[in-house]
Amino acid sequence: MKLKVIGIGEVLWDLLPAGRQLGGAPANFSVHAKRLGAQAQLISRLGRDDLGHAILERLIEMGVDVAAIQSDDQAPTGTASVELNQGGVPHFVIQENVAWDHLSMTEKARTVVQAADAICFGTLAQRHESSRVAIQSLIAVARPDALKVFDVNLRQNFFSRELIKTSLKLANILKLNDEELPVLAKFFGLTGEPEEQIAELAQQFDLKLVALTCGARGSLFYSRGDYSRVPGLPAKVVDTVGAGDAFTATLTLGVLAGWDLDRINRSASEVAAYVVSQPGATPCLPEQLRFFEAFSLNAVA
């Protein structure tokens, strides 16, 4: 049995200057997890339209299990307009009232979550009440030993202190970036240097691990009193879309595989550095980065 991981939340088309690309952080996470060697599924919702059919086809081509993706007769499949600055950093304008805003708690979704070794979720797909209730209910029924990875992914104004607080209480792993940390610091009264702030988050919300990414300046992990620092790796940046999701997927599988902090941090940084050097959010990974193809929970145990 391979490691079973699930992304829960948005899937959409990123409308990039060079054309449309599959997007949505949970979808990117699931694709990267599959390419790293896991058994990956996505729980989301699509419109019954051409864009939705195209997403299903693309996910199936990429090997992601789509059995728990729901269909919506009313709301359309989601899209996001994306503009890249000179450094390849994206700015998103995300369509509202789309199918994944109406994600529901189905028996199929419950069954999938209860079998998962890890679940990844964020804030964006919780912007609408119905999807927020469904996502929080699904995380709550996960196995006690499963990883619940909260990848903050703040977008536009689709978040609040209460939403982040509730999500942190449901999670046992937090991943955020250096633009999101000041927002959480303000919300939760964090002071001091980033090292102190992520340690305080871990203590306030009883988190096993907090991972802070800082772009070209590298990444910082905190877990149970221990830190791991990895400097930024050299990369020729084409665009940064999907790099954070690749980092999160590698981090999640590294924890499941029982790796130490430094190995997880370094491996996640290597995968993210490769992704920024390629166009789009989910490029194929070279063989040397498919770290988990031989891993299973039985092998870890």
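Each remark here, short or long, concerns the structure printed above.
Parameters at a glance
- Residues numbered from 1 in each chain as written.
- Predicted model: local features only at pLDDT ≥ 70, side-chain atom pairs only at ≥ 80, totals over all residues.
- Heavy atoms only, no water.
- Helix = DSSP H or I, 4+ residues; strand = E, 2+ residues; numbered from the N terminus.
- Buried < 20%, exposed > 50% of the residue type's maximum accessible area, 1.4 Å probe, protein only.
- Polar contact = N/O pair within 3.5 Å; in protein donor to acceptor, adjacent residues only side chain to side chain.
- 1 Å grid on protein atoms, 1.4 Å probe; cavity = no way out; pocket = protein on both sides within 12 Å on 5 of 7 lines; lining within 4 Å.
- Points joined across faces, edges and corners; volume = space filled by probe spheres on them.
- Nonpolar A, V, L, I, M, F, W, Y, C, P; charged D, E, K, R; others polar.
- Expected span 1.5 Å × (residues − 1).
- Arc of directions from axis to C-beta.
- Contact = heavy atoms within 4.5 Å.

Draft legend 1. Structural detail: the environment of lysine 148. With respect to the helices and strands, lysine 148 occurs in strand β10 (residues 147-151). Residue class for lysine 148 comes out buried when judged on its relative accessible area of 10%. Each C-alpha atom of the pair lysine 148 and asparagine 172 lies 5.4 Å from the other, and the pair is 24 residues apart in sequence. Looking at lysine 148, its side chain comes within polar contact range of the main-chain oxygen of arginine 143, at 2.9 Å. In terms of polar contacts, lysine 148 uses its side chain to reach the backbone carbonyl oxygen of proline 144, at 3.4 Å.

Draft legend 2. Spotlight on empty space enclosed by the protein. Per the stated rule, a full pass over the model turns up 1 cavity of 30 Å³ or more. Put simply, the parts of the chain that give the lining of the largest cavity at least two residues each are α1 (25-36) and β9 (118-121). When residues of the lining of the largest cavity are assigned to their parent elements, the largest contribution, 3 residues, is made by α1. Looking at the lining of the largest cavity residue by residue, the classes come out as 7 nonpolar, 3 polar and 3 charged.

Draft legend 3. Looking closely at helix α2 (residues 50-61). In this model, α2 (12 residues) spans 17 Å end to end at C-alpha, consistent with the 16 Å of a helix rising 1.5 Å per residue. Within the sequence span of α2, burial applies to Gly52, Ala54, Ile55 and Leu59. When α2 is viewed along its axis, its buried side chains cluster within an angular range of 160 degrees and face the same direction. With respect to the buried face of α2, the exposed residues turned more than 90 degrees away are Asp50, Glu57, Ile60 and Glu61. On its buried side, α2 packs onto β2 (12-16), β3 (19-23), α1, β4 (39-43) and β5 (45-47). Two residues or fewer after α2 comes glycine 63, characterised by a positive phi angle close to 90 degrees.

Just distances and angles here, no functional claims.
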